[in-house]
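# Geometric and topological summary
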Amino acid sequence: MVMFLSGCLNSSSILFTGESKNWSANYVVTNPNGENHDYILTLTYKGDNPSEVGKVKYKFSVSSGGGSGETELSGHKEITHKSISNGAVPQKDETINVTVEWKGIKEELQLSTNGER
């Protein structure tokens, strides 16, 4: 969709995307102009056997904060991290840094609204 290329889902959402060798990621900010903002980070394993990945640790940082988590990737390919805030909203021109670690492997992703980083 053309709207994904521009980095926007609609007028009330901002989409950041990026990928590495084994992972793709989306970070969506909904209602960026409202009082409360929803943030959703979705990590998707690109391999064929997610049940073999095991425990996954991830962390991300944005100008307005960040987060981290740890979960078992057993049978499904996606990890979702959701939060709500009434603070600052990431700017469309910033880069969101994400680190994913599993089985001694570490990959870093840079998410942006233009998909070029």
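A brief structural summary. Within every chain, residues take consecutive numbers counted from 1 along the sequence as written. For this predicted model, a pLDDT threshold of at least 70 governs which residues receive local features, and a threshold of 80 or more governs which side-chain atom pairs are given and counted, while totals over whole chains, interfaces and linings are taken from all residues. In computing side-chain values, all of the structure's heavy atoms are included and hydrogens and water are not.

### What about the packing of aromatic side chains?
Any two rings among Phe, Tyr and Trp, with Trp reduced to its six-membered ring, count as a pair given centres within 6.5 Å; such a pair is stacked if its planes are under 30 degrees apart, edge-to-face if over 60, and tilted if neither. Within this structure, the stated rule accounts for five aromatic pairs. Aromatic side chains Y27 and F60 sit 5.7 Å apart centroid to centroid with 55° between the ring planes, which places their arrangement in the tilted category. A residue pair is termed long-range when its members are at least 10 positions apart, and Y27 in strand β2 (residues 23-30) and F60 in strand β4 (residues 54-62) qualify at 33 residues. With relative accessibility at 3%, the residue Y27 sits in the buried group. The helix count covers DSSP runs of H or I at least four residues long, the strand count covers runs of E at least two residues long, and both are numbered beginning at the N terminus. A simple rule labels every residue: compare its accessible area, found with a 1.4 Å probe on the protein chains alone, to the largest value its type can have, and call it buried under 20%, exposed over 50%, or partly exposed in between.

### Some points on the sheet that holds strand β1 (residues 13-19)
Two strands qualify as a pair provided DSSP detects at least 2 bridges between them. What the four strands build is an open sheet, ordered β1-β2-β3-β6; its pairing is antiparallel. For this open sheet the edge positions go to β1 and β6 (78-85), each flanked by a neighbour on one side alone. Averaged over all adjacent pairs, the angle separating strand axes in this sheet is 10°, with direction ignored. For helices, the fitted line uses only the C-alpha atoms of the stretch in contact; every axis is such a line through C-alpha atoms, and the angle between N-to-C directions lies from 0 to 180 degrees.

### What about the environment of S51?
Within the fold, S51 resides in the loop between β3 (37-45) and β4. Among the residues examined, S51 registers a relative accessible area of 54% and is labelled exposed. Considering only alpha carbons, one finds S51 and S74, 23 residues apart in sequence, at a separation of 4.2 Å. For this analysis, residues touch if any pair of their heavy atoms sits within 4.5 Å. Not counting the four nearest positions on each side in its chain, S51 is found in contact with L73, S74 and G75.

### Thoughts on the sheet that holds strand β8 (residues 105-111)
The strand order across the open sheet formed by four strands is β5-β4-β7-β8, and the pairing between neighbours is antiparallel. The strands lining the two open edges of the sheet, one partner per strand, are β5 (65-73) and β8. Across the sheet, the mean angle separating the axes of adjacent strands is 15° when strand polarity is ignored. Examined bridge by bridge, β4 and β5 share nine bridges and lie antiparallel to one another. Each residue of the ladder has a partner; that of K59, found in β5, is S68.

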